[in-house]
Amino acid sequence: MDDLTGYLADVHRRVLPFTDGEVASYIPALAEADPEPFGIAIATVDGQLHEAGDSRTQFSLQSVSKPFTYALALQEAGFEAVDAAIDVEPSGEAYNMISLQDETGHPDNALINAGAIAATSLLPHKGRMSRLLRFYSSLADRQLHADASIAMEEVENGHRNLAMAHLMRSFDVLGDDPVETTRDYCAACATMITAADLAWMAATLANSGRQPTTGEQLVEPLVVQRVLSVMTMSGMYDEAGWWMVRVGLPGKSGVGGGLIAVAPGQLGLAAFSPRLNEHGSSVRGVRTCEVVSRELDLHVM
Ligand code: DON
């Protein structure tokens, strides 16, 4: 495709009319968010960025943080320690279900809430949130920050996350204090991001862990392979099957309206639009990924 920017403008025009879905309502900051913005961005492994619509509008990262937190945990704590705590099986359930395995209390994977909380606990406690922010920022090649009031609302309304953290602590799955771990998980979800940032983060995974503009090897290739495998099976929770059939790429959604898809060796695709389907994924975001994957022939099969 010669004119990828022109193509994205056309995709934006075609997907814009899809106004079904509802904004997330579990915290005031998301319930009161403007439902209308819609941005798309593609970052290629050779360092080009193409954008359409509201690709520079900020929103909270939410669950799109999870694959990157998992990557950092694998990289810093090692595969053995991470695998001893978190399985790699699809849960087939919604992101906030208590998908802990019988007897062991291990979360099914790192991309559901329980697994992401466990992954957070595997990072050294001291300076954990700044470490995560530094890592996300290096992937986006822009200094990111967490929104303190969103983080606070996440904590205040995060009873189930806190309960799961305590439950995992009781099984010795959680290696750290449940309250502090949940606080950092919530702060990670409150990182403010744009579709353009997400495209770079996804493109870094597409580029075997090397950030396309800075050339820095931020994620080890084996960690990338693991993260993309788990994203393929579990990044879209209980819609992972239809997502894989229709889009055919590792993906990850967040209730802030952000969504990424990774075409290995080619590009990172990101979309942002706050109205969500019943699985907590952006309606326009999913539609965008379906259209772009089909028309650019990105499906891995
Ligand atoms: O912990 C939560 O439930 C939210 N902060 C994040 C959930 C989320 O983004 C699920 N993804 N679609």
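**A few points about the overall build of the chain**
Along its length, the chain carries 13 helices and 7 strands. Here the C-alpha atoms of the chain give a radius of gyration of 17 Å, agreeing with the 19 Å that 2.2 N^0.38 yields for 301 residues. Seen through its principal axes, the chain has C-alpha atoms that stretch 55 × 40 × 35 Å. For the chain, with 301 residues in total, the buried portion stands at 57%. Taking as baseline every contact in the chain between residues at least 6 positions apart, the subset at least 24 positions apart corresponds to 70%. Here the chain has roughly 11800 Å² of accessible surface; of this, 51% comes from carbon and sulfur atoms.

**Some details on the environment of Glu156**
By the element assignment, Glu156 lies in helix α7 (residues 148-156). For the pair Glu156 and Arg183, spaced 27 residues apart in sequence, the C-alpha separation works out to 9.8 Å.

**Some details on the side chain of Ser293**
Among the secondary structure elements, Ser293 is positioned in helix α13 (residues 283-295). Within polar-contact distance, the side chain of Ser293 engages the backbone nitrogen of His299 at 3.4 Å. Once residues lying within four places of it in the same chain are set aside, the contact partners of Ser293 are Val247, Leu298 and His299.

**Details of the packing of aromatic side chains**
Here the structure, examined in full by the defined rule, presents 2 aromatic pairs. The interplanar angle of 5 degrees and the centroid separation of 4.0 Å between the aromatic rings of Phe59 and Phe272 together place this pair among those described as stacked. Here Phe59, found in strand β3 (residues 59-60), pairs with Phe272, found in strand β7 (residues 267-272); they are 213 residues apart in sequence, far enough to count as distant. By relative accessible area, Phe59 is classed as buried at 5%. With a centroid separation of 5.5 Å and an interplanar angle of 50 degrees, the aromatic rings of Tyr95 and Tyr237 are classed as tilted. In this pair, Tyr95 is assigned in the loop between α4 (79-85) and α5 (113-121) and Tyr237 in the loop between α11 (221-234) and α12 (240-246), connecting sequence segments 142 residues apart. You can call Tyr237 buried: its relative accessible area is 6%.

**As for the pattern of salt bridges**
Taken as a whole and judged by the stated rule, the model has 12 salt bridges. We note a salt bridge from Glu295 to Arg14, for which the minimum N-O separation is 2.8 Å. Note that Glu295 is positioned in helix α13 and Arg14 in helix α1 (residues 4-15), a separation of 281 residues in sequence. Put simply, Asp83 and Arg226 hold a salt bridge, and the shortest N to O gap is 2.8 Å. Of this pair, Asp83 sits in helix α4 while Arg226 sits in helix α11, and the two are 143 residues apart along the sequence. Its relative accessible area of 18% is what places Arg226 among the buried residues. Among the charged side chains, a salt-bridge network with shared partners connects Asp10, Arg13, Arg14 and Glu295.

**A look at the site of the ligand**
Neighbouring residues of the ligand: 14 residues in total, closest Gln62, Ser63, Asn113, Glu154 and Tyr185. Gln62 is positioned with one of its side-chain polar atoms (N or O) 2.7 Å from a nitrogen atom of the ligand. Here the ligand, which alone exposes 340 Å², has 97% of that area covered by the protein. Classifying every residue of the shell around the ligand by side-chain character gives 6 nonpolar, 7 polar and 1 charged. Here the shell around the ligand spans two domains, since at least three of its residues come from each of domain 1 (4-62 + 191-295) and domain 2 (64-189).

**Details of α5**
Of all 9 residues making up α5, 9 are buried, and the element is well covered by its neighbours. The inward-facing, buried residues of α5 abut α3 (66-77), α6 (128-140), α8 (159-170) and α9 (178-189).

**What about the side chain of Gln62?**
Locating Gln62 in the fold gives a position in the loop between β3 and α3. Engagement of the side chain of Gln62 in a polar contact is seen with the side chain of Glu154, the distance being 2.8 Å. With residues up to four places along the chain from it excluded, the contact list for Gln62 reads Tyr26, Leu30, Ile150, Glu154, Cys189, Gly254, Val255 and Gly256.

**Side note on the domain arrangement of the chain**
Each assigned domain of the chain is listed here: domain 1 (4-62 + 191-295) and domain 2 (64-189). Distance between the C-alpha centres of domain 1 and domain 2: 20 Å. Taken together, the contact between domain 1 and domain 2 spans 44 residues of the former and 41 residues of the latter. Our count for the domain 1 to domain 2 interface comes out at 2 salt bridges. Counting across the interface, domain 1 meets domain 2 through 21 residue pairs in polar contact (both at pLDDT 80 or more). Broken down by secondary-structure element, the contributors of at least two residues to the side of domain 1 that touches domain 2 are α2 (28-31), β4 (192-193), α10 (195-206), α11, β5 (251-253) and β6 (258-263). Here the element with the most residues in the side of domain 1 that touches domain 2 is α11; it accounts for 8 residues. Of the residues belonging to the side of domain 1 that touches domain 2, the class tally is 23 nonpolar, 16 polar and 5 charged.

Rules behind the numbers
Residues numbered from 1 in each chain as written. Predicted model: local features only at pLDDT ≥ 70, side-chain atom pairs only at ≥ 80, totals over all residues. Heavy atoms only, no water. Helix = DSSP H or I, 4+ residues; strand = E, 2+ residues; numbered from the N terminus. Rg over C-alpha atoms; globule rule 2.2 N^0.38 Å. Buried < 20%, exposed > 50% of the residue type's maximum accessible area, 1.4 Å probe, protein only. Contact = heavy atoms within 4.5 Å. Areas by Shrake-Rupley, 256 points an atom, 1.4 Å probe, with all protein chains shown as cover. Polar contact = N/O pair within 3.5 Å; in protein donor to acceptor, adjacent residues only side chain to side chain. Phe/Tyr/Trp six-rings, centres within 6.5 Å; stacked < 30°, edge-to-face > 60°. Salt bridge = Lys/Arg side-chain N within 4 Å of Asp/Glu carboxyl O. Near = heavy atom within 4 Å. Nonpolar A, V, L, I, M, F, W, Y, C, P; charged D, E, K, R; others polar. Domains from an automatic or database assignment.

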